[in-house]
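Residue-level listing of the chains:
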Amino acid sequence: MVITEDWQALVDQKLIDRASRIPPAWKLSSDLTELVRPDASTSAFDLLRRTALLSPREIEVTETYSAESLVELLATRQITSLEVTTAFCKRAAIAQQLTNCLTEIFFEQAIERAKELDEYILKKGRPMGPFHGLPISLKDSFMVEGQAATLGFISFLKKPNATKNSSLVDMLLEGGAVLYVKTNVPQTLFTCESYNRLFGTTMNPHNLSLTAGGSSSGEGALVGIRGSILGVGTDIGGSIRVPSLCNGIYGFKPTANRVPYGGQQEFVRKGWPGILPAAGPHAQSATDLTFFVRSVLLSKPWLRDSTALAIPWRETPKKPRLTIGVFSNDPMFPVFPPISRALQAAVSKLKSAGHEVITVAAPPLITGVNGAMRSLLLDTNDTISKYLAESGEDPVECVRQLNPAALLNQDVFSLDDVWQFIAEREDYKEDWGKVWRENQLDVLLCPASRGTAVPHDKYGAPVYTLIWNFLDFPASVIPYEHASKALDTEELDGFDGAPCHVQIVGWQFQDEEVLSATETITEALNSNP
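Conventions and cut-offs
- Residues numbered from 1 in each chain as written.
- Predicted model: local features only at pLDDT ≥ 70, side-chain atom pairs only at ≥ 80, totals over all residues.
- Heavy atoms only, no water.
- UniProt positions renumbered as here; feature names shortened; annotations may be inferred.
- Domains from an automatic or database assignment.
- Contact = heavy atoms within 4.5 Å.
- Buried area = accessible area lost by both parts, 1.4 Å probe.
- Salt bridge = Lys/Arg side-chain N within 4 Å of Asp/Glu carboxyl O.
- Polar contact = N/O pair within 3.5 Å; in protein donor to acceptor, adjacent residues only side chain to side chain.
- Helix = DSSP H or I, 4+ residues; strand = E, 2+ residues; numbered from the N terminus.
- Core = buried A, V, L, I, M, F, W, Y, C linked by side-chain atoms within 4.5 Å.
- Buried < 20%, exposed > 50% of the residue type's maximum accessible area, 1.4 Å probe, protein only.
- 1 Å grid on protein atoms, 1.4 Å probe; cavity = no way out; pocket = protein on both sides within 12 Å on 5 of 7 lines; lining within 4 Å.
- Points joined across faces, edges and corners; volume = space filled by probe spheres on them.
- Arc of directions from axis to C-beta.

The name given to the chain in an unreviewed UniProt entry is amidase, with the source organism recorded as Aspergillus candidus. Listed under Sequence similarities (unreviewed entry) in UniProt, the entry text for the chain is "Belongs to the amidase family."

Here's what the structure looks like:
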């Protein structure tokens, strides 16, 4: 299939419009932008340091604080929202030019919003809400009034801009947040890559030749380079956690529908009985993950979104001594040396901190993977392929490689397959239930990927994250260690220095416990030897 001239004209117009949203004073010089390519093993951080666009104060604002500490400064009028918003808008503009992470840019509206919030706190003497004055970025799937939500589909260019906000967007605005950008996704959103035919490739700021992950690709890259201090993504197979681990940041996938998901741009048929997607945060710290989820849940999202669960936030005291199960490797999906080393180092740190660490015998990953793949085939209308065909798009390579029918050796699907999906999930959950009960676990420590970020179009199936979506278990990613040719293997050309990670998993609905454990484990991992 071929994209026609009419469709190509819409693509060209969209890209010109996006580029025009960056103020001329915030444009990088050509000697830097000509170094930005998906095949260049260049660090966007190095390129950022070669520009003088950010003032020392703007560098301080965007690099020194957590989201929670910035909100405290904003609430006590020690800093203005205008100053914070301008700094992050400028850094996001630079991030776009270095990593191609943005889809929609609305800096002017954000700056006006920041001025209004500064006037509000001056007149009222109190902040508007828990996010007062804080810039927050959003995955492209969220609807923001007046903005497009194309999801990287060329055919979606003909959809009108949003006339109302997603439920979570309304809550963020009522909580005082400043919205300023939306971020890129891969074609179809069902891969862990970072390319679509509309906006192109989002690149990893640590190494442009590596994937930024997906499907919250732009969020991972933008938060990774601190063009955002707090971003919101969605996760149906690892789409928050994979970009987080690839870009060296924190990410959290809640139990589905605890953080409100309703009102996003639709790309699958309503009534789909498969894995439920979850909305959640990307951040620069474990405490900011908690800050975001706690603030949202304290606002009682179920009162405005019929899909949100009426489960209030529970204050969960930190346990001084956790019982942590360790699942480090599945023989069918062996973990690569950098991640194995990071897990071993984490176990050592946790034991030294006084936590009980138990190696567990885990159920085979392939059982959960097969069950999850079955859910991808329950849309017998193949809706997403129709979105591509409408504009003449061909599936990109990573989408072609995603072939659940071949994995399951099955071409025809029926209502029986819905029942089988549910039965497989129940059986697999009981298998893991035995692990949890027999070891009396608080949380599980495991990889979120076989390796670090990899070259573009090489990520493959996200088996170490997908199984927790299948079970609807909350899970977080903690950045920890870096790949090293000296410590891991000489065969790390192109990966040397890439962020490593660990994943923390809890039982369904124990989101608060997972967040608390994520903070406790982060403290142990960051402690001195």
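Moving on from the coordinates now.
Caption draft 1: Looking closely at the domain arrangement of the chain. Looking at the assigned domains, one finds that the chain contains domain 1 (11–303) and domain 2 (323–526). Centre-to-centre, using C-alpha coordinates, domain 1 lies 24 Å away from domain 2. Each side of the interface is counted separately: domain 1 has 59 residues, and domain 2 has 64 residues. Between domain 1 and domain 2 the total buried area reaches about 4900 Å² when both faces are included, carbon and sulfur atoms providing 63% of it. Looking at the side of domain 1 facing domain 2, the largest losses of area belong to Arg241, Leu245 and Ile275, adding up to 13% of the total buried there. Our enumeration of links across domain 1 and domain 2 arrives at three salt bridges. Residue Asp379 pairs with Arg269 through a salt bridge whose shortest N-O separation is 3.1 Å. Inspection of the domain 1/domain 2 interface yields 31 residue pairs in polar contact (both at pLDDT 80 or more). Those elements that provide at least two residues to the side of domain 1 that touches domain 2 are strand 6 (203–204), strand 7 (207–211), helix 10 (241–247), strand 9 (250–253) and helix 11 (286–298).

Caption draft 2: Structural context of the nonpolar core. Counting 128 residues, the largest nonpolar core has Leu172, Leu230, Phe292, Leu444 and Leu445 as the members making the most contacts within it. Among the elements that take part in this core, helix 6 (residues 81–99) stands out by supplying nine residues, more than any other. When we break this core down by domain, the ones giving at least three residues each are domain 1 (11–303) and domain 2 (323–526). Among the nonpolar cores identified, the runner-up in size contains 11 residues, and Val242, Cys246, Ala448 and Val454 belong to it.

Caption draft 3: Representation of the pattern of salt bridges in the model. Using the criterion set out here, one finds 29 salt bridges in the structure. Notably, a salt bridge pairs Glu481 with Arg341, separated by 3.5 Å at the nearest N-O pair. A residue pair is termed long-range when its members are at least 10 positions apart, and Glu481 in strand 14 (residues 475–482) and Arg341 in helix 12 (residues 337–352) qualify at 140 residues. Glu481 sits in the partly exposed class, given a relative accessible area of 31%. A single network of salt bridges, built from pairs that share partners, joins Arg258, Arg314, Asp511, Glu512 and Glu513.

Caption draft 4: Inspection of the UniProt feature "binding site: substrate" (unreviewed entry) in the chain at higher detail. Residues annotated by UniProt as "binding site: substrate" (unreviewed entry) correspond here to Leu189, Ser215, Ile236, Gly237, Gly238 and Ser239. For this annotated set, covering 51 residues, all C-alpha atoms fall within 10.8 Å of each other, a compact arrangement in space. In the annotated set above, the residues contributing to the lining of the largest cavity are Leu189, Ser215, Ile236 and Ser239. Among the structural elements, Ile236 can be located in the loop between strand 8 (230–235) and helix 10. Of the residues examined, Ile236 reaches a relative accessible area of 15% and is grouped as buried. The residues touching Ile236, leaving out its near neighbours within four places in the chain, are Phe190, Trp272, Ile275, Leu276, Pro277, Leu466 and Asn469.

Caption draft 5: Examining empty space enclosed by the protein more closely. All chains considered together, the criterion is met by one cavity of 30 Å³ or more. In this model, the largest cavity occupies a volume close to 60 Å³. Every residue along the wall of the largest cavity is listed here: Lys139, Ser141, Leu189, Ser215, Thr234, Asp235, Ile236, Ser239, Tyr261, Phe267 and Pro277.

Caption draft 6: Structural context of helix 14 (residues 383–391). Every buried residue of helix 14 is listed here: Thr383, Ile384, Tyr387, Leu388 and Ser391. Down the axis of helix 14, the buried side of the element spans an arc of 150°, and every buried residue falls inside it. Buried residues in helix 14 make contact with helix 1 (5–20). Downstream of helix 14 by a residue or two, Gly392 has a phi angle that is positive, lying close to 85°.

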